[in-house]
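Structural overview for review
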Amino acid sequence: MKSKPLLLILFFFIASNFIYSQADTTAKADKITAYGVTEIPIKIEEASSIIAAEKNAIIDLSKIPQAKEMLNSFLDQFSLLKKQSDSLDLTQISSVKINELYRRWDKMRKTLSAAMESITERATLLGEKKNYFEQLSEVWKVTKSNAFKKKAPKDLINSIEKLQRELDKVNRQITVELNQLLSIQTNLSEKNLYIESELLKLKELQIKNRRFLFTRNSPPIWVGLTDSSEKTIVEESRDLVNEYANAIVYYLNDGERLALGVVMIIFFLLLTLSMRHYSKNIPDDDEPVKLAFKILERPYSVAALLFLFFMALVMNDSLTSIISLRKILLLIPLLRVLLHIIPKAFKKPLFGVTFLLILKEIKINTGSETSIERAFLFTIAILSILGIIWLKKSGVVLSSIKKERVRSYFRRILSILLFLFIFILIANILGYVMLGIFLVNGIYDGIFITILLLTSWLVLNGLLLISLQAKPAQKLKMVQLNAEKIKRIFRKIVKALFVILWIAFVLDAFNVYVQVLEGVRHFLTAKWGVGNFAISLGDILSFVITIWLSVQLAKFTRFALEVDILPQFRLPRGVPGAITSLARYTIIGIGIFVAFLSAGLDLNRFTLLAGALGVGIGFGLQDLVSNFISGIILIFERPVQVGDVIVVGKLSGEVKKIGIRSSIIRTWEGAEIIIPNGHLISSEVTNWTFSDKKRRMEIPVGVKYGSDVNLVKKLLLECAASHSEVLTIPAPEALFTDFGDSALEFELRCWTANSGSRLEIESELRYRIDNAFKENNIEIPFPQRDIHIRTEPKQKGEISGDKNN
């Protein structure tokens, strides 16, 4: 309790010092210092250069003509969409049209946000320049006053006045440009408020439609057919044709989209044709490869399928007619590819599903609560029911499915679909048209995306198989050594992406994608924490995923460097290992830094952690840091390299890995020993292969006394010379080392470049020496000793003593 007043006094002391320092800094910043008379000519020249450079820079920065052009283009689009939206009775149009309007307004909002961000950035920079030149004008104003007081030359005063006039012109120019940007920004802000209100209104309608999904929104079909107030079937059909015609015109008038489409279709066409060309020399002894060949027999359809699928992913179209038209066009190459590869039993059902998908897409553009829409809905439901009954009764498709488990799942799916389409038919008859449309759109969109993704999977897998077996890919060692692993990883990645896409498209088909996405986003961004520290599940996932990706990228980079890139260069021994290790740890380090940023963690908060880490290093982590630094020294100085044969203390073996903290040594017995890098730096290390792989072998041998020593020397040298692994330079030596107790001692010394096989070579040399000595009657004696036993006579005293006893 007594310490509280002291803490309060300390707090107010620090706070007062901080406020005083800030006030002092502000006072210093506000104080304007005039230039001295002797500095004025140089400063005038500098200021004139700045003014000349900034005049054009201001025009380039503001880009008023481009901003006005952008504003006019946006206002034209805004007016057109507003006119179309105002002409519709939102309470009477279908949910499909409401979703289309929402997408169009949302797309316009995104365009507007990007434009406002650009203009705001330019306005901010112009504001900073305006402040700078206004401050510069004040400096020269004070400088001129000071020059008058000191009676500076008139020419100098005139130069200052001329500079002030130039500064005034620049300030006026900046003000004009800034005001125009602010005017454009204000206009866009007003439009943004209107767009936000429209989006809110449409979102409320979407919620209302989902809420009243099970409410009858049309009279029963027998009443609706006698209603003469609606348009005739011919008029509604004419409106439908106009919808698709307008979609085609809209697409052709979009020059940027059209150019991208032309480039992408050429790219995919060249890709498929080149894959087909390379596939001619590839053996088709594998079933997946045979399937890939069959797919590439339709190169134009494959190219069109990939192109349309790519455009569907990257193009955020808002018009329902364009989306519908693109789906219908996708069915053409999809059908051609599938008919060429699927069994015959699946072809009739595929034609039926394709026809019903086209009917569904046409139905979407018929308008809300029209006779033609209900007629299409009725037709789709009836044909779907008849088709499912035929599939269940005929058993042609079911019998062609080999796996019993898949066959069982297929039967259950058919039963569920039959129930749903009967329900849709009854709902349409009773007037629950919105519910029927909701289910039909969801079911057939789900079927369409399933078929599309499965076909795309087959196409991409086929292209991968052929590309890995093509000659250009086979030149890469990492493809030669890890083709199966590459296939496995590629399939996992594509499968995961396709599952995510399938879930997203199915949710969108049932008009719940946005709601699910918002729910997931809210769940991931919900903050959890204690005190000032808060973190969300999304931050944790972002951190973990970023770390995982950086580790995987580091592994791939290391693999590519070791196998394909670095072997093409003549680098000193050990340098490739240093480069790969450095690249790996650099990527992981950058990944950790990016992970902290992506998780939204303030790096300034880690200063306390760094201080605690410093204390920890001082007390208990010095060994860890020492090993870490030793690992860096090993990487750069390379006293020990992977593959070296070393001796550390009582440990001997081959270096298998050098890590950042520890290294792995495999002993001759096969054990893998993990040694901290600090021991390799601080301890005495014997490196048998530091500069080269040469190793001297020493084979001692003894011969019987009386043997011909010159013959022994000759035979030893001949045995060494006859072995292919023994080097001629340095030349082998046979040394007469000593006269032993039991033999004349010799030693054969020779060198080999294959130090890893030293023991095997020594063993083979011993066999040859033994055979050579036997052939030349030279004996290798065993140790022997001559023992002489001597007995001495006893003394007289000892003899008499014995007798007395």
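Quick summary incoming for the structure in this document. The residue count restarts for each chain, going from 1 along the sequence in the order it is written. In view of the model being predicted, local features appear only for residues whose pLDDT reaches at least 70, and side-chain atom pairs are presented and counted only at 80 or more, with totals across whole chains, interfaces and linings using the full set of residues. To obtain the side-chain values, all non-hydrogen atoms of the structure were used and water was disregarded.

**Here we look at the overall build of the protein**
Rules: Secondary structure counts use DSSP, requiring at least four H or I residues in a row for a helix and at least two E residues in a row for a strand, with both numbered from the N terminus. When a residue's accessible area, from a 1.4 Å probe over protein chains only, is under 20% of the maximum for its type it is buried; when over 50% it is exposed; and in between it is partly exposed. We call two residues in contact whenever any of their non-hydrogen atoms come within 4.5 Å of each other. Reported accessibility uses the Shrake-Rupley method at a 1.4 Å probe radius. Residues are deemed covered only where the shown protein chains occlude them.
Within the protein, the regular secondary structure consists of 27 helices and 10 strands. Scored against the burial criterion, the 805 residues of the protein give a buried share of 35%. Excluding contacts between residues fewer than 6 apart, the proportion of contacts in the protein whose partners are at least 24 apart in sequence is 73%. If you sum the accessible surface of the protein, you get close to 49200 Å²; carbon and sulfur atoms cover 62% of it.

**Thoughts on helix α13 (residues 371-394)**
Note the following rule: Expected span of a helix, by definition, is 1.5 Å for each gap between consecutive residues, and there is one gap fewer than residues.
The terminal C-alpha atoms of α13 lie 34 Å apart, and with 24 residues this matches the ideal 34 Å at 1.5 Å per residue to within 8%. Every buried residue belonging to α13 is among Ile 372, Glu 373, Arg 374, Phe 376, Leu 377, Ile 380, Ala 381, Ser 384, Ile 385, Ile 388 and Leu 391, and all of these are buried. Directly after α13, the chain includes Gly 395, whose backbone phi takes a positive value near 70°.

**Description of the sheet that holds strand β3 (residues 645-648)**
Strands pair in a sheet through their backbones, by hydrogen bonds, and they do so in one of two ways: parallel or antiparallel. The line we're drawing: Pairing between strands requires that DSSP locate at least two bridges from one strand to the other. Angles here are taken between N-to-C directions and fall from 0 to 180 degrees, while the axes themselves are lines fitted to C-alpha atoms, restricted in helices to the stretch in contact.
The strand order across the open sheet built from 5 strands is β6-β5-β4-β3-β7, with neighbouring strands paired in antiparallel fashion. With partners counted over all chains shown, the strands left at the sheet margins are β6 (672-676) and β7 (685-687), one partner each. The average angle at which neighbouring strand axes cross in this sheet is 40°, direction not considered. Relative to β6, strand β5 (residues 662-667) runs antiparallel, the two sharing 5 bridges.

**Some words on a positive patch on the surface**
Quick note on the threshold: Like charges are joined within 9 Å and nonpolar side chains (Val, Leu, Ile, Met, Phe, Trp, Tyr) within 5 Å, but only among residues with over 30% relative accessible area and no salt bridge; these make up the patches. Within this document, salt bridges are pairs made up of a side-chain nitrogen of Lys or Arg and a carboxyl oxygen of Asp or Glu, the two lying within 4 Å of each other. His is not counted, nor are the chain ends, whereas Lys and Arg count as positive and Asp and Glu as negative. Note that the charge is assigned to NZ on lysines, CZ on arginines, CG on aspartates and CD on glutamates.
Residues Lys 162, Arg 165, Lys 169 and Arg 172 make up a contiguous surface patch of positive charge. Following the sequence through the fold, Lys 169 ends up in helix α5 (residues 154-211).

**Some points on helix α15 (residues 404-430)**
Given 3.6 residues to a turn, an α-helix orients residues that are three or four positions apart in the same direction. Taking 1.5 Å of rise per residue, 27 residues should cover 39 Å, and α15 covers 39 Å from first to last C-alpha, within 8% of that figure. All buried positions along α15 are accounted for by Arg 407, Leu 414, Leu 417, Leu 418, Phe 421, Ile 424, Leu 425, Ala 427 and Asn 428. Within two residues after α15, Gly 431 carries a phi angle of roughly 105°, on the positive side.

**Topic: the pairing of strand β10 (residues 744-752)**
Relative to β10, strand β8 (residues 695-703) runs antiparallel, the two sharing 9 bridges. Bridging from a neighbouring strand, Ile 699 pairs with Leu 748 of β10. Two elements, strand β9 (residues 733-739) and β10, share 6 bridges in a ladder whose sense is antiparallel. Bridged to Phe 739 within β10 is Leu 744. Between the end of β9 and the start of β10, which pair antiparallel, lie 4 residues.

**Digging into the side chain of Ser 456**
Convention followed: Under the rule applied, a polar contact is a pair of N or O atoms within 3.5 Å (in protein, one hydrogen donor and one hydrogen acceptor; residues adjacent in sequence only if both atoms are side-chain atoms).
Relative to the assigned elements, Ser 456 resides in helix α16 (residues 433-469). For Ser 456, a relative accessible area of 2% translates into the label buried. In this structure the side chain of Ser 456 is engaged in a polar contact, spanning 2.8 Å, whose partner is the backbone oxygen of Leu 452. The contact partners of Ser 456, leaving out residues within four places of it in the chain, are Phe 309 and Phe 498.

**Describing a nonpolar patch on the surface**
A cluster of nonpolar side chains, Phe 523, Leu 537, Ile 540, Leu 541, Val 544, Ile 545, Trp 548 and Leu 549, forms an exposed patch at the surface whose accessible area comes to about 760 Å². Look at Ile 540 and you get partly exposed, because its relative accessible area is 41%.

**Remarks on the packing of helix α20 (residues 537-565) against helix α21 (residues 575-598)**
Filter applied, for reference: Roughly parallel covers angles under 35 degrees, roughly antiparallel covers those over 145, roughly perpendicular covers 65 to 115, and oblique covers all other angles. Crossings are sorted by hand: turned counterclockwise from the far helix by less than a right angle, the near helix makes the crossing left-handed, and turned clockwise it makes it right-handed. Note on residue categories: nonpolar means Ala, Val, Leu, Ile, Met, Phe, Trp, Tyr, Cys or Pro, charged means Asp, Glu, Lys or Arg, and polar means any other residue, Gly included.
Contact geometry of α20 with α21 gives a least axis separation of 8 Å together with a crossing angle of 165°. Compared by their axis directions, α20 and α21 come out roughly antiparallel. Crossing hand, α20 versus α21: right-handed. In contact with Ser 542, Phe 543, Thr 546, Ile 547, Ser 550, Leu 553, Ala 554, Thr 557, Arg 558, Leu 561 and Glu 562 of α20, α21 contributes Thr 580, Ala 583, Arg 584, Ile 587, Ile 588, Gly 591, Ile 592, Val 594, Ala 595, Phe 596 and Ser 598. Split by residue class, the contact of α20 with α21 holds 12 nonpolar, 7 polar and 3 charged.

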